[in-house]
Amino acid sequence: AAYDAERALSSAELRLLPALMRAAALRFWISRLWDFHLPREASMLKPHDPTHFERVLRQRIAHPVHA
């Protein structure tokens, strides 16, 4: 609602929103998989469980948001 108060999404943006949400979930899932299975030396890096974003992606695929 706050974003919409500044600028409403165009019809093209609304149409693409489900695909963008899937792409974001996929990107975060891959990032977590990478850090979990191929950890790097970094004092501040703590690998997080990748299954959260796997579930998010599966949910976005099964039930796309339609604005």
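Residues numbered from 1 in each chain as written. Predicted model: local features only at pLDDT ≥ 70, side-chain atom pairs only at ≥ 80, totals over all residues. Heavy atoms only, no water.

**Q** What is the right way to look at the overall build of the chain in this model?
**A** Helices and strands together make up the secondary structure of the chain, namely three helices and zero strands. If you list the helices and strands of the chain from N to C, you get α-α-α. A globule of 67 residues ought to have a C-alpha radius of gyration of about 11 Å, yet the chain, at 16 Å, is considerably larger. The principal-axis extents of the C-alpha atoms in the chain amount to approximately 45 × 30 × 15 Å. Out of the 67 residues belonging to the chain, those deemed buried represent 10%. For the chain, long-range pairs separated by at least 24 residues make up 55% of all intrachain contacts whose partners lie at least 6 apart in sequence. Surface exposure of the chain reaches about 5,600 Å², of which carbon and sulfur atoms provide 62%. If the 10 positive side-chain charges of the chain are averaged to one point and the 7 negative ones to another, these points end up 5 Å apart. (Helix = DSSP H or I, 4+ residues; strand = E, 2+ residues; numbered from the N terminus. Rg over C-alpha atoms; globule rule 2.2 N^0.38 Å. Buried < 20%, exposed > 50% of the residue type's maximum accessible area, 1.4 Å probe, protein only. Contact = heavy atoms within 4.5 Å. Areas by Shrake-Rupley, 256 points an atom, 1.4 Å probe, with all protein chains shown as cover. Lys, Arg positive; Asp, Glu negative; His and termini not counted. Charge placed at Lys NZ, Arg CZ, Asp CG, Glu CD.)

**Q** I keep staring at the pattern of salt bridges and nothing clicks. Help me out?
**A** Opposite charge on two side chains lets them pair, provided their charged atoms get close. Throughout the structure, instances matching the rule amount to two salt bridges. Ionic pairing is found between Arg-7 and Glu-13, a salt bridge with its closest N-O pair at 3.0 Å. Assessed through its relative accessible area of 39%, Arg-7 is described here as partly exposed. A salt bridge links Arg-58 to Glu-54; its shortest N-O distance comes to 3.0 Å. Of this pair, Arg-58 and Glu-54 are both found in helix α3 (residues 51-62), four residues apart, which corresponds to roughly one turn of the helix. (Salt bridge = Lys/Arg side-chain N within 4 Å of Asp/Glu carboxyl O.)

**Q** I keep staring at the packing of aromatic side chains and nothing clicks. Help me out?
**A** The full count for this structure, using the stated rule, is one aromatic pair. Plain terms: the ring middles of Phe-28 and Phe-53 are 5.1 Å apart, the flat faces sit at 20° to each other, and that makes the pair stacked. Placement of Phe-28 in helix α2 (residues 11-37) and of Phe-53 in helix α3 is noted, with a sequence separation of 25 residues between them. Just above the ring of Phe-28 sits the side chain of Arg-27; from NZ or CZ to the centre is 4.9 Å. (Phe/Tyr/Trp six-rings, centres within 6.5 Å; stacked < 30°, edge-to-face > 60°. Lys NZ or Arg CZ within 6 Å of the ring centre and 35° of its normal.)

**Q** Looking at this structure, how should I read the packing of α2 against α3?
**A** In a pair of packed helices, the angle between the axes and the distance between the axes together describe the arrangement. Orientation of α2 relative to α3, taken along the N-to-C sense of each, is 160°, at an axis distance of 8 Å. With respect to α3, the axis of α2 lies roughly antiparallel. You can see that α2 and α3 cross each other, and the crossing is left-handed. Note on element contacts: α3 touches α2 through His-52, Phe-53, Glu-54, Val-56, Leu-57, Arg-60 and Ile-61, opposite Met-21, Arg-22, Ala-25, Leu-26, Phe-28, Trp-29 and Arg-32. (Axes fitted to C-alpha atoms, helices over the stretch in contact; angles between N-to-C directions. Parallel < 35°, antiparallel > 145°, perpendicular 65-115°, else oblique. Left-handed = near helix turned anticlockwise from the far one by under 90°.)

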